[in-house]
Amino acid sequence: AQPGRHFLIAPWQTGQPGGLAAVQMRPRWRRQRRGGQRRPPGGRDLEPVASNLASRETRLGRLFRALGKAMATGDVDGFVKVVAEKKYGEVLGVHMIGSHVTDMIHEGVVALKLEATLESMAETIHAHPTLSEAMLEAFEDALGHAIHK
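What counts and what doesn't
Residues numbered from 1 in each chain as written. Predicted model: local features only at pLDDT ≥ 70, side-chain atom pairs only at ≥ 80, totals over all residues. Heavy atoms only, no water. Buried < 20%, exposed > 50% of the residue type's maximum accessible area, 1.4 Å probe, protein only. Helix = DSSP H or I, 4+ residues; strand = E, 2+ residues; numbered from the N terminus. Pairing = 2+ DSSP bridges. Patch = residues over 30% accessible without salt bridge, like charges linked within 9 Å, V, L, I, M, F, W, Y side chains within 5 Å. Areas by Shrake-Rupley, 256 points an atom, 1.4 Å probe, with all protein chains shown as cover. Salt bridge = Lys/Arg side-chain N within 4 Å of Asp/Glu carboxyl O. Core = buried A, V, L, I, M, F, W, Y, C linked by side-chain atoms within 4.5 Å. Contact = heavy atoms within 4.5 Å. pLDDT = per-residue confidence, 0-100.

## Digging into helix α5 (residues 133-143)
Most of α5 is tucked away, with 11 of its 11 residues classed as buried. Residues of α5 that are buried: Glu133, Ala134, Met135, Leu136, Glu137, Ala138, Phe139, Glu140, Asp141, Ala142 and Leu143. Positive phi appears at Gly144, one or two residues downstream of α5, with a value of about 85°.

Below you can see the structure in the form of structure tokens.
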């Protein structure tokens, strides 16, 4: 392992047509952050990635492809879903289905690594016209500010 890499926040994706990609905080890491410890001993987490986010107070933002580039290229099927903590807006996970999502999941990885909030991600300028604007719209949707709903 290389120093500085955080293996508890790792995306998964499929390269199949249509594409699937996701990243979310592992349950053990969330618990340890509350106790002040950022990583488990040895930097390994053997708990399954699936977590029970439904039991937490969360905000969801969803959007896909009501974007100029998506319409121009015909890639309008799919979605981006952002899961965030309700109280502070910390991003807890990103799930995506659609063309080129494996190229966009890294923004979700960075949001989790930096413990970003919905507000900080929504304030980040995204290039236009791009498919990655779907990420911006999903963050804005979770805040109740989405334009392309």
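Moving on from the model shown.
## Some remarks on the pairing of strand β4 (residues 78-85)
Taken together, the 7 bridges between β4 and strand β5 (residues 91-98) define a ladder with antiparallel strand orientation. Residue pairing for β5: Gly78 is matched across the bridge by Gly98. As consecutive antiparallel partners, β4 and β5 are separated by 5 residues, and within that stretch Gly89 has a phi angle of approximately 80°, a positive value.

## Regarding a nonpolar patch on the surface
A cluster of nonpolar residues, Trp12, Leu20 and Ile97, forms a patch on the protein surface that exposes about 260 Å² of accessible area. Summarising the element assignment, Ile97 is placed in strand β5.

## Here's the deal with the nonpolar core
Counting 31 residues, the largest nonpolar core has Val80, Val82, Val91, Val94, Met96, Leu118 and Phe139 as the members making the most contacts within it. When contributions to this core are tallied by element, the ones reaching two or more residues are β2 (20-24), β4, β5, α3 (106-113), α4 (118-122) and α5. For this core, the leading source of residues is α5, giving 6 residues. Leave out the neighbours within four places in its chain, and Met96 touches Gly19, Leu20, Ala21, Phe79, Val80, Val101, Met104, Ile105 and Met135.

## Quick word on α3
Those residues of α3 not exposed but buried are Glu107, Gly108, Val109, Ala111 and Leu112. After α3 finishes, the residue Glu115 shows a positive phi value of roughly 55°.

## Topic: the environment of Ala138
As for its position among the elements, Ala138 is in helix α5. Look at Ala138 and you get buried, because its relative accessible area is 0%. As a C-alpha pair, Ala138 and Gly61 span 77 residues in sequence and 4.6 Å in three-dimensional space.

## Describing the confidence of the model for the protein chain
The predicted model of the protein chain averages 77 in pLDDT, with 69% of residues at 70 or higher. α4 holds the highest mean pLDDT among the elements of the protein chain, 95, whereas helix α1 (residues 27-34) holds the lowest, 58.

## Topic: the pairing of β2
Where burial is concerned, most of β2 is hidden: 4 out of the 5 residues are buried. Relative to β5, β2 is paired through 5 bridges, and the arrangement is antiparallel. Across the sheet, the residue bridging to Leu20 is Ile97, located in β5.

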